[in-house]
Amino acid sequence: VLRENRSMMSNFNDDVVKLELLYFEILENKIEHPDIVFAQAILESGYMKSKIFYENNNLFGMRMPERRPSVALKQNKGYAVYDCWVSSIKDYKLFQDFLFKRKKKTRDEYFNYLGRTYAEDSNYVFFVKKIINENQKILILDCEEINTYTKYIEFKKYKDNFCEILKPKNIV
């Protein structure tokens, strides 16, 4: 089994494949506006190389919530800590459910929310849109037709390793 795990891990060393896996996990969790959230994860985690991502498994720079449900375990350096990056996505889904509990937001309303309320940087929406444009090949993937999706489903069987695949080998 260990040899099989190592072999499976080598299938996920490519950065593009890691981005595809991230996107599939976002889709799997039925996140609203998945392309926007995908771009947020990339931006907030510095392409999955930031210390907050590495130390806290936190893709979105989420803080510990005060009024909504969360799967965060604790707080470290002011940011929520998750057992796995997948839990960070689940927590973002809880955040969206709380945000959308009265009414779903259109794409434009969501961008407006991000720009006015969510982001600290006034250029946040610009960068999110830029990342979306740069990753169109990933964002148009059809889960039913893609080989990476098959690998994604297979690899989720090895949850402990799956939690490690997005992490950089060396943190600067």
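In the block above lies the structure referred to throughout.
Residues numbered from 1 in each chain as written. Predicted model: local features only at pLDDT ≥ 70, side-chain atom pairs only at ≥ 80, totals over all residues. Heavy atoms only, no water.

Novice: Can you walk me through the environment of Asp 97 in this structure?
Specialist: For Asp 97, the position within the fold is in helix 5 (residues 85–99). Once the C-alpha coordinates of Asp 97 and Ile 31 are considered, the two residues, 66 residues apart in sequence, prove to be 9.1 Å apart. (Helix = DSSP H or I, 4+ residues; strand = E, 2+ residues; numbered from the N terminus.)

Novice: How do you make sense of the nonpolar core when you look at a structure like this?
Specialist: Burial of nonpolar side chains together is a common tendency in soluble globular proteins. In terms of nonpolar packing, the biggest core is built from 39 residues, with Leu 22, Phe 38, Leu 59, Phe 60, Tyr 92, Leu 114 and Tyr 118 touching the most fellow members. Looking at this core, the elements that each hand over two or more residues are helix 2 (15–28), helix 3 (34–45), helix 5, helix 6 (107–118), helix 7 (124–134) and helix 8 (136–139). The element contributing the most residues to this core is helix 3, with six residues. Those residues in contact with Leu 59 that lie beyond four places of it in its chain are Leu 22, Gln 40, Ala 41, Glu 44, Ser 45, Met 48, Phe 53, Trp 85, Ser 88 and Ile 89. (Core = buried A, V, L, I, M, F, W, Y, C linked by side-chain atoms within 4.5 Å. Buried < 20%, exposed > 50% of the residue type's maximum accessible area, 1.4 Å probe, protein only. Contact = heavy atoms within 4.5 Å.)

Novice: Is there a simple way to explain the side chain of Asn 57 in this structure?
Specialist: Looking at where Asn 57 falls in the secondary structure, it is placed in the loop between helix 4 (51–56) and strand 1 (74–76). Relative accessible area serves as the criterion here: at 9%, Asn 57 is assigned to the buried category. There is a polar contact of 3.4 Å between the side chain of Asn 57 and the backbone oxygen of Asp 83. (Polar contact = N/O pair within 3.5 Å; in protein donor to acceptor, adjacent residues only side chain to side chain.)

Novice: Any chance you could explain the pattern of salt bridges here in plain terms?
Specialist: A pair can form between side chains of opposite charge whenever their charged atoms are brought close. One pass over the structure, following the stated rule, counts seven salt bridges. The salt bridge involving Arg 107 is made with Asp 35; its shortest N-O contact spans 2.6 Å. On the criterion of sequence distance, the pair formed by Arg 107 in helix 6 and Asp 35 in helix 3 is long-range, its members being 72 residues apart. Look at Asp 35 and you get buried, because its relative accessible area is 14%. (Salt bridge = Lys/Arg side-chain N within 4 Å of Asp/Glu carboxyl O.)

Novice: What am I meant to see in the packing of aromatic side chains here?
Specialist: Scanning the entire structure with this criterion turns up nine aromatic pairs. Relative to Tyr 92, the ring of Phe 60 has its centre 4.5 Å away and its plane inclined at 35°; by these criteria the two rings are tilted. You can see Phe 60 sitting in the loop between helix 4 and strand 1 and its partner Tyr 92 sitting in helix 5, a full 32 residues away along the chain. Taken as a pair, Phe 60 and Tyr 92 share a single burial class, namely buried. Plain terms: the ring middles of Phe 95 and Tyr 113 are 6.4 Å apart, the flat faces sit at 40° to each other, and that makes the pair tilted. Of the two residues, Phe 95 sits in helix 5 while Tyr 113 sits in helix 6, which places them 18 residues apart along the sequence. The class for Phe 95 is buried, based on a relative accessible area of 12%. Following the ring pairs from residue to residue traces out a cluster consisting of Phe 60, Tyr 92, Phe 95, Phe 100, Tyr 110, Tyr 113, Tyr 118 and Tyr 124. In this arrangement the basic side chain of Arg 63 is found over the ring face of Tyr 79, its NZ or CZ atom lying 4.1 Å from the centre. Over the face of the ring belonging to Phe 111 we find Lys 129, whose NZ or CZ atom lies 4.7 Å from the ring centre. (Phe/Tyr/Trp six-rings, centres within 6.5 Å; stacked < 30°, edge-to-face > 60°. Lys NZ or Arg CZ within 6 Å of the ring centre and 35° of its normal.)

Structural measurements only, silent on function.
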